[in-house]
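A structural walkthrough
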Amino acid sequence: MRTFWTTFLFLFFLLSLYQSCFGSDAPPISDKTKTCLSCHNTIHPGIVEDWQTSRHSHNTPKQSQQVQGLAKRISSSDIPKNLQKVTVGCAECHTLSPKTHKDSFSHAGFQVHTVVTPKDCALCHRQETEQYARNIMSFARKNLNQNPVYQDLQRTIHGTIIEDKTKIGFQPANDFTRAESCYYCHGTQLLVTGNKTRKTSMGPMQFPIIKGWPNQGSGRVNPDKSKGSCTACHTRHAFSIAEARKPYTCKECHIGPDVPAYKVYSASKHGNIFFAKVNSWNFSKVPWTVGQDFTAPTCAVCHMSLTVDKNGQVIAKRSHNMGTRLSWRIFGLIYAHPHPSEPDTTKLKNSAGLNLPTELNGQPIENGLIDPTQQKTRKNRMQAVCKACHGSSWVNNHWQRLQNTITQSNKAVKAATESMSAIWEKGLAQQNKSLFNEAIEKKWSNIWLINANKIRFASAMAGGGDYGVFAQGRFALSKKIKEMEDWFLIHRKLSQ
Amino acid sequence: MRTFWTTFLFLFFLLSLYQSCFGSDAPPISDKTKTCLSCHNTIHPGIVEDWQTSRHSHNTPKQSQQVQGLAKRISSSDIPKNLQKVTVGCAECHTLSPKTHKDSFSHAGFQVHTVVTPKDCALCHRQETEQYARNIMSFARKNLNQNPVYQDLQRTIHGTIIEDKTKIGFQPANDFTRAESCYYCHGTQLLVTGNKTRKTSMGPMQFPIIKGWPNQGSGRVNPDKSKGSCTACHTRHAFSIAEARKPYTCKECHIGPDVPAYKVYSASKHGNIFFAKVNSWNFSKVPWTVGQDFTAPTCAVCHMSLTVDKNGQVIAKRSHNMGTRLSWRIFGLIYAHPHPSEPDTTKLKNSAGLNLPTELNGQPIENGLIDPTQQKTRKNRMQAVCKACHGSSWVNNHWQRLQNTITQSNKAVKAATESMSAIWEKGLAQQNKSLFNEAIEKKWSNIWLINANKIRFASAMAGGGDYGVFAQGRFALSKKIKEMEDWFLIHRKLSQ
Amino acid sequence: MRTFWTTFLFLFFLLSLYQSCFGSDAPPISDKTKTCLSCHNTIHPGIVEDWQTSRHSHNTPKQSQQVQGLAKRISSSDIPKNLQKVTVGCAECHTLSPKTHKDSFSHAGFQVHTVVTPKDCALCHRQETEQYARNIMSFARKNLNQNPVYQDLQRTIHGTIIEDKTKIGFQPANDFTRAESCYYCHGTQLLVTGNKTRKTSMGPMQFPIIKGWPNQGSGRVNPDKSKGSCTACHTRHAFSIAEARKPYTCKECHIGPDVPAYKVYSASKHGNIFFAKVNSWNFSKVPWTVGQDFTAPTCAVCHMSLTVDKNGQVIAKRSHNMGTRLSWRIFGLIYAHPHPSEPDTTKLKNSAGLNLPTELNGQPIENGLIDPTQQKTRKNRMQAVCKACHGSSWVNNHWQRLQNTITQSNKAVKAATESMSAIWEKGLAQQNKSLFNEAIEKKWSNIWLINANKIRFASAMAGGGDYGVFAQGRFALSKKIKEMEDWFLIHRKLSQ
């Protein structure tokens with residue numbers, strides 16, 4: 001008999017172990033969401049299954065609120081009672097505050113909206129949403145779309161190419177082109193323009209017509225006027241922190257050659273370690289422990305994540321406003337410059353009246369950029385991350401090189417811009433219609449928009465070697481600047 | 001005593017569990033293959049070990065035939081009896097039908113051939129082989145090699161560079177160059193030109209001399225006249241479906257910049273999800289369940305794989321003829337156009353007598369391209385895949401953008417081509433000897449062969465942002481078209 | 001009672017199993033290292049944790065010496081007794097032979113040096129260090145820095161851009177620029193220039209000022225005069241063989257476009273297999289068994305690793321001197337040529353007195369390059385690796401193609417160089433001040449430094465297709481050579 005109990009208890013122990021590892025007391029799915037799932041399970045199996053893997057499907061807001069300290073993933077305290085005790089399913093997001101959503105439509109007995117916006121997410125993730133609203137990325141659309149200088153540049157890049165006799169010109173691009181080129185990343189404006197009836201497997205149904213859809217750009221303007229798309233980084237419908245922390249997410253918009261962050265990272269020592277060890281790291285832990293969960297930074301580590309040491313001491317605070325750790329904007333417009341102090345850069349204006357953060361000679365404008373004190377604060381926040389693995393002299397010397405590269409690359413851009421000015425002065429190119437639409441102007445643009453940026457990104461991320469030198473960096477810059485000189489010589493002679 | 005039996009039974013249970021997980025009733029290896037292995041085990045350990053990991057080494061055709069329904073991986077029903085009950089080893093493929101193989105040679109008592117061809121694979125995989133024979137990829141060699149227009153282009157790219165006084169010219173490339181440049185992907189012609197004796201660790205042995213070997217190009221012409229190489233995607237000797245389903249396989253030939261499919265994919269949202277989650281997906285399952293085995297498409301998902309929803313309902317049928325889901329050929333020759341209806345495109349001819357699918361003004365030719373009805377059928381097949389995760393308006397709007405981009409990019413190519421025509425007319429470049437051999441003609445080629453394609457691939461795969469704009473897309477296209485204009489101006493002035 | 005013992009023994013068995021899998025008799029950490037860890041645990045948690053994952057922290061030199069045969073990872077036999085029985089921790093490396101380290105400083109009661117050098121590593125890894133000292137990579141700094149021809153090229157690429165009236169010129173780059181561009185990979189010279197006091201969390205402390213720090217370039221000149229940095233490939237502080245064997249490590253310096261090894265690899269069949277299967281391979285095993293630990297080569301497999309077949313027979317011996325398997329230097333300077341026989345290439349001189357391995361017409365110089373016999377020896381070493389998976393005719397034919405590509409690409413460079421010479425002769429560009437500083441000279445440099453190299457790397461690594469043809473390979477080369485001709489025409493006409 002004792003044998004029986006021994007064996008029984010042993011099996012019971014194994015079963016409990018199994019339960020605690022694999023079993024679940026799954027929290028309840030709301031009735032509304034169950035209704036959604038009953039059809040979409042079959043109609044859109046891919047996204048339903050994806051959601052099944054998410055924390056949203058395994059936790060209720062109440063459970064998440066009970067987590068204390070740095071491990072807490074939810075920042076709102078006033079979540080409506082009816083949402084607290086069910087998982088975050090289809091209906092919880094897609095039927096939230098229907099009145100604020102212009103794309104809300106009657107569907108299977110509910111008011112459903114297609115586009116879930118940061119305002120919806122803010123119900124549970126208020127802090128993250130508020131931070132993001134202060135992030136320059138949330139103005140990515142406006143800052144491009146409402147800046148006349150950039151609009152001129154944009155038109156001459158993705159505009160419709162027309163031939164007027166022998167002259168090639170650029171008409172403004174149509175909405176379709178816009179949506180898949182610049183505004184794929186910068187964000188479209190989503191406008192509800194009507195609705196239409198479509199045959200579905202459930203019979204005819206009405207759906208809203210949304211101009212600019214689909215889009216997940218970081219500065220998307222939503223039907224409820226909010227800016228941004230959380231799914232730009234936390235892809236629907238897993239909304240995974242692990243995915244957002246991997247550099248592949250940032251790659252979508254930061255691959256270059258104008259903003260070659262991913263490429264430079266992947267050729268840096270940090271990238272080397274990431275690719276070699278990624279499978280042994282833990283990308284889901286909150287907070288994120290340096291040396292234990294990961295041993296080299298990803299984009300998220302340096303720019304936004306909450307990181308701690310193994311004693312739980314905070315190394316860097318989480319922020320969805322990347323600006324908090326950025327002292328410089330190394331992306332040249334047309335020169336690198338101190339980071340703008342406000343996310344809305346359409347207000348920046350130089351003394352020539354152009355909406356640019358610098359004068360044409362490279363001097364940063366006086367208003368609207370952060371001052372040296374703020375630059376230092378931000379630098380210190382970023383360096384705290386570096387210093388978890390590197391000594392101070394390592395870090396300081398790296399920073400000196402970046403500082404030098406900002407100076408040197410701006411100097412090169414200045415030389416190119418002076419060449420360009422001389423060409424304009426001689427009347428060999430016309431400045432009045434557009435600064436960017438002629439062959440020589442495009443060569444000049446290439447220098448500050450692609451080559452100088454490549455050099456600075458390689459410097460900033462210590463992915464120096466080949467990316468800063470040969471891959472559209474210094475070799476190309478020096479080549480193009482001499483080609484400008486050569487072009488000038490040819491055209492001066494021809495115009496004599 | 002009862003204790004003894006309890007323990008014994010428990011251990012027996014554990015053992016059975018172990019057996020069922022890790023044990024094996026390995027199916028028999030044929031005697032012929034055992035003979036091969038007895039030497040090649042030591043001589044070529046890498047490939048023997050690789051084969052050990054394959055399904056071919058763990059299953060007999062008979063076992064595979066017994067699988068019913070969508071999980072079946074073998075499509076022939078009349079497999080010879082002597083092959084049915086042994087694993088698919090060295091001898092089963094390399095000694096099959098020696099008479100049809102011109103490279104068959106006497107080796108260790110067997111008639112062995114070096115090059116296993118689709119005809120060999122067809123013994124078990126008939127349907128796949130037949131589909132592939134209808135795939136334009138199987139004509140990749142012929143369509144390039146027997147088209148005078150492409151031959152002219154090819155010669156001026158990879159030809160031997162000669163100097164005739166001050167003039168640089170291009171002689172046809174030799175066979176070695178051809179084999180490792182264009183025909184690395186397009187496929188060489190394998191010709192048995194004799195045989196030679198080589199010293200081996202087993203004494204002197206005779207081997208066939210095969211011109212064009214090695215090659216695994218998709219349009220390879222084999223010694224048995226068959227076209228293609230299954231190992232182009234299912235690498236020897238694991239012949240893995242998992243490997244073929246990963247985008248790295250397609251990358252080998254579709255990385256660009258002329259066909260930048262892999263690059264665009266890797267910077268798209270789909271690519272982001274793939275790279276972030278690849279290790280948790282199941283690449284070996286047949287059929288392949290959306291949302292369970294994978295949560296974002298790879299190349300194979302959209303273009304060829306059999307996919308089902310979790311209820312086993314078919315979303316898309318498997319086909320080794322990729323054409324079945326392709327309504328457009330977005331690769332410009334020199335314009336994007338409706339997909340050819342037959343895999344042999346050497347028959348296409350435009351009104352100027354050139355073997356091209358479009359007129360020089362972009363108009364698709366009348367015969368040989370699929371009609372709008374067929375385009376719609378193919379579009380619907382492809383969209384069925386999209387709709388497993390995306391709503392109809394998402395999918396339709398994406399398609400509208402692609403359609404617009406085909407129009408817009410063709411318009412840009414037309415403007416470039418009109419510039420080129422004007423240059424030819426003025427006699428500043430010569431059209432009679434070659435359309436592609438002068439500096440300005442190469443700039444024009446760059447526009448339609450690289451820039452316009454980049455833009456269309458970025459559009460088609462929603463990898464829009466940087467790839468369609470800055471990475472040799474719209475910025476480069478608009479720059480180059482203005483440089484053509486500038487060149488024209490300079491040379492007109494000089495020729496006055 | 002028997003029941004009790006049965007259960008007890010069973011649990012004991014489980015426990016032993018657990019112990020043998022997860023338990024440890026951790027070898028002792030030295031007292032000195034414990035002192036280091038007591039602070040740096042908190043100050044630099046990232047690197048301390050990283051070290052915890054290393055073999056250095058889990059093994060003593062004595063244990064490693066006891067390993068016999070090919071599995072041995074340590075090559076010195078005379079390791080000092082006091083170091084033999086403790087793990088290799090902070091103090092073991094950073095306080096070794098303080099007198100030889102100019103950067104040694106008094107720190108927390110010890111003489112500590114910042115820069116651990118190959119001489120330190122040699123204490124245990126003598127053979128590897130000696131081999132590396134014969135590797136051309138250890139002269140990467142000197143060979144660039146002390147060659148007047150390369151210095152001219154370097155200045156015109158990364159030099160400070162100055163404007164002298166309308167003329168753009170290049171002044172020598174400053175140390176910061178140098179350190180993050182060419183010398184990021186080639187290695188800086190580390191010079192102790194003084195010391196300074198810094199406030200730390202432990203109070204004020206003195207640290208050495210090291211010019212050129214940080215740097216991990218392969219040819220770094222260390223404060224103890226040794227050359228190189230083991231951490232270039234074996235990243236601090238895990239010093240992992242697994243990491244060094246993955247191609248991401250080599251990518252840091254060999255991504256191109258001048259040395260596009262990683263890019264070509266990643267688009268080759270070998271790369272395809274690597275990316276598809278990397279997670280099932282064993283990158284830590286020594287020796288490394290073909291077909292079992294890996295099924296396709298990485299950079300390390302072909303160029304340096306000790307590989308065996310499954311019977312333990314050696315396929316290739318380990319060497320940290322990559323030259324042992326390299327018969328050609330396919331990197332053009334300005335032509336591809338037989339590999340230099342000595343790692344110090346500053347001694348090479350052609351008949352024009354230029355420090356180059358070839359004449360300007362492509363002829364290899366007579367002294368200092370390996371002869372055909374040595375080329376054959378090296379080729380055979382490399383081919384032994386190929387032949388573990390490929391038949392002789394496969395391998396030989398591949399080699400013939402590479403040989404042909406060396407000839408053909410050199411021929412193309414010769415044509416470009418003759419064009420350049422004609423331009424110099426006509427006085428349209430000036431040879432006396434610099435060979436590389438004018439627009440047309442940069443176009444010529446682009447041909448041999450980027451395009452011809454791309455073609456050769458694609459050939460050598462069978463990553464042919466797109467990389468050799470369109471991605472800055474043959475298409476770009478043929479385009480640029482015709483543009484040189486066009487430029488010549490324009491400037492001749494203008495100068496008349």
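A few points on the structure. (Residues numbered from 1 in each chain as written. Chains lettered and ligands numbered in written order. Predicted model: local features only at pLDDT ≥ 70, side-chain atom pairs only at ≥ 80, totals over all residues. Heavy atoms only, no water.)

A short note on the overall build of chain A
Assigned secondary structure in chain A consists of 22 helices and eleven strands. Dimensions of chain A along its principal axes, counting C-alpha atoms only, are 110 × 65 × 35 Å. For chain A, buried positions account for 59% of its 496 residues. Put simply, 57% of the contacts in chain A that link residues at least 6 apart link residues at least 24 apart. (Helix = DSSP H or I, 4+ residues; strand = E, 2+ residues; numbered from the N terminus. Buried < 20%, exposed > 50% of the residue type's maximum accessible area, 1.4 Å probe, protein only. Contact = heavy atoms within 4.5 Å.)

A few points about the interface of chain A and chain B
Contacts between the two partners involve 73 residues from chain A and, on the opposite side, 67 residues from chain B. Summed over both partners, the interface of chain A with chain B comes to about 6000 Å²; 57% of that surface belongs to carbon and sulfur atoms. Ionic pairing is found between Arg474(B) and Glu180(A), a salt bridge with its closest N-O pair at 3.1 Å. Between chain A and chain B we count 33 residue pairs in polar contact (both at pLDDT 80 or more) in total. The biggest single contributor to the side of chain A that touches chain B is helix α20 (residues 439-460) of chain A, with seven residues. Residue classes in the side of chain A that touches chain B are distributed as 31 nonpolar, 25 polar and 17 charged. (Buried area = accessible area lost by both parts, 1.4 Å probe. Salt bridge = Lys/Arg side-chain N within 4 Å of Asp/Glu carboxyl O. Polar contact = N/O pair within 3.5 Å; in protein donor to acceptor, adjacent residues only side chain to side chain. Nonpolar A, V, L, I, M, F, W, Y, C, P; charged D, E, K, R; others polar.)

Points about the relation of the copies chain A and chain B
The transformation that overlays chain A on chain B combines an axial shift of 0.0 Å with a rotation of 120 degrees, and the residual RMSD is 0.0 Å. What the superposition gives is, in effect, a three-fold axis relating one chain to the other. When you check the interface residues of chain A against chain B, a mere 7% turn up at the interface there too, and the two sides of the contact use different surfaces. (Least-squares fit on C-alpha atoms with pLDDT ≥ 70 in both.)

Thoughts on the nonpolar core
Of all hydrophobic cores here, the largest spans 75 residues; its most connected members are Phe274(A), Phe274(B) and Phe274(C). What Phe274(B) contacts, discounting residues up to four positions off in sequence, is Pro247(B), Tyr248(B), Tyr265(B), Trp281(B), Phe283(B) and Thr298(B). (Core = buried A, V, L, I, M, F, W, Y, C linked by side-chain atoms within 4.5 Å.)

A short note on the environment of Asn361(B)
Residue and element names in this part refer to chain B. Residue position: Asn361 is located in the loop between β11 (337-338) and α18 (372-386). The partly exposed category is assigned to Asn361, whose relative accessible area is 46%. Distance in space between the C-alpha atoms of Asn361 and Lys493 is 27 Å, their sequence separation being 132 residues. In this structure, Asn361 is in contact with Tyr335 and Lys414, ignoring residues within four places of it in sequence. Polar contacts involving the side chain of Asn361 include one to the main-chain amide nitrogen of Gln363, which spans 2.9 Å.

Description of helix α20 (residues 439-460) of chain B
Residue and element names in this part refer to chain B. With 22 residues, α20 extends 31 Å between its outermost C-alpha atoms, agreeing within 8% with the 32 Å of an ideal straight helix rising 1.5 Å per residue. Residue Ile447 marks the point of greatest curvature in α20, where the axis turns by about 30 degrees. Among the 22 residues of α20, 21 are classified as buried, and the element is accordingly described as predominantly covered. In the stretch just after α20, Ala462 is the one whose phi turns positive, near 50 degrees. (Expected span 1.5 Å × (residues − 1). Bend = angle between axes of the 7 residues up to and from the residue.)

Observations regarding the interface of chain C and chain B
In this assembly, 67 residues from chain C lie in contact with 74 residues from chain B. Note on chain C versus chain B: buried area summed over both sides is about 6100 Å², and carbon and sulfur give 57% of it. On the chain C side of the interface with chain B, the three residues burying the most area are Lys269(C), Trp394(C) and Arg401(C), jointly 13% of the side's total. For the pair chain C and chain B, the interface holds five salt bridges. A salt bridge links Glu252(B) to Lys269(C), with the nearest nitrogen and oxygen atoms 3.3 Å apart. Where chain C touches chain B, the interface holds 33 residue pairs in polar contact (both at pLDDT 80 or more). Of all the secondary structure elements, the ones that give two or more residues to the side of chain C that touches chain B are α1 (2-22), α16 (269-277), α19 (392-425), α20 (439-460), α21 (464-469) and α22 (474-495) of chain C. The greatest single-element share of the side of chain C that touches chain B, amounting to 16 residues, is contributed by α19(C). A class-by-class count of the residues in the side of chain C that touches chain B yields 25 nonpolar, 26 polar and 16 charged.

Let's talk about the layout of surface pockets
Computed from the structure, the second largest pocket encloses a volume of approximately 560 Å³. If you go around the second largest pocket, you meet 26 residues; those closest to its centre are Phe176(C), Ile210(C), Lys211(C), Gly212(C) and Trp213(C). Mapped onto the lining of the second largest pocket, the elements with two or more residues apiece are α18 (372-386) and α19 (392-425) of chain A together with α11 (175-180), β5 (191-200) and β6 (203-211) of chain C. The leading source of residues in the lining of the second largest pocket is α19(A), at six residues. The residue makeup of the lining of the second largest pocket, split by class, is ten nonpolar, eight polar and eight charged. (1 Å grid on protein atoms, 1.4 Å probe; cavity = no way out; pocket = protein on both sides within 12 Å on 5 of 7 lines; lining within 4 Å. Points joined across faces, edges and corners; volume = space filled by probe spheres on them.)

Looking at the sheet that holds strand β7 (residues 288-289) of chain C
Residues and elements named next belong to chain C. Taking strand neighbours across the sheet as the criterion, the three strands line up as β7-β8-β9 in an open arrangement whose pairing is mixed. If you trace the sheet from one side to the other, it starts and ends with β7 and β9 (314-316), each paired once. Pairing analysis gives two bridges linking β7 to strand β8 (residues 307-308), with the strands arranged parallel. Within the sheet, the bridge partner assigned to Trp288 lies in β8 and is Thr307. (Pairing = 2+ DSSP bridges.)

Focus: the packing of helix α22 (residues 474-495) of chain A against helix α10 (residues 148-158) of chain C
Relative to each other, α22(A) and α10(C) sit at 80 degrees, their axes nearing to 7 Å. Relative to α10(C), the element α22(A) lies roughly perpendicular. Residue-level contacts link Arg474(A), Phe475(A) and Ser478(A) of α22(A) to Thr156(C), Ile157(C) and His158(C) of α10(C). Looking at side-chain class alone, the contact of α22(A) with α10(C) contains two nonpolar, three polar and one charged residues. (Axes fitted to C-alpha atoms, helices over the stretch in contact; angles between N-to-C directions. Parallel < 35°, antiparallel > 145°, perpendicular 65-115°, else oblique.)

A few points about the pattern of salt bridges
Within the structure shown, the criterion is met by 48 salt bridges over all chains. For Glu418(A), the salt bridge goes to Lys414(A), with nearest N and O atoms at 3.7 Å. In this pair, Glu418(A) and Lys414(A) both sit in helix α19, four residues apart, roughly one turn of the helix. We classify Lys414(A) as partly exposed; its relative accessible area is 32%. Between Lys285(C) and Asp293(C) there is a salt bridge, with the nearest N and O atoms lying 3.5 Å from each other. One network of salt bridges, in which partners are shared, links Lys167(A), Lys482(B) and Glu485(B).

Thoughts on the relation of the copies chain C and chain B
In the superposition of chain C on chain B (RMSD 0.0 Å, axial shift 0.0 Å), the rotation amounts to 120 degrees. The share of interface residues of chain C whose copies in chain B are also at the interface is only 7%, consistent with the copies meeting through different surfaces.

Brief notes about the side chain of Asn410(C)
Residue and element names in this part refer to chain C. Considering the arrangement of structural elements, one finds Asn410 in helix α19. Classification of Asn410 by relative accessible area gives buried; the value is 14%. Setting aside residues up to four positions removed in sequence, Asn410 forms contacts with Tyr335, Ala336, Thr405 and Arg456.

Remarks on the state of the cysteines
Under the counting rule described, the total for this entry stands at three disulfides over all chains. At a sulfur-sulfur separation of 2.4 Å, the disulfide partner of Cys185(A) is Cys253(A). Disulfide Cys185(A) to Cys253(A): torsion about the S-S bond roughly -100 degrees, handedness left-handed. Of this pair, Cys185(A) sits in helix α12 (residues 182-186) while Cys253(A) sits in the loop between α14 (247-251) and α15 (261-266), and the two are 68 residues apart along the sequence. Owing to a relative accessible area of 11%, Cys185(A) belongs among the buried residues under this scheme. Judged by its relative accessible area of 26%, Cys253(A) is partly exposed. No disulfide involves Cys36(C); its sulfur sits 4.5 Å from that of Cys90(C), the nearest cysteine. Free of any disulfide, Cys93(C) has its nearest neighbouring cysteine sulfur in Cys121(C), separated by 6.5 Å. (Disulfide = S-S within 2.5 Å.)

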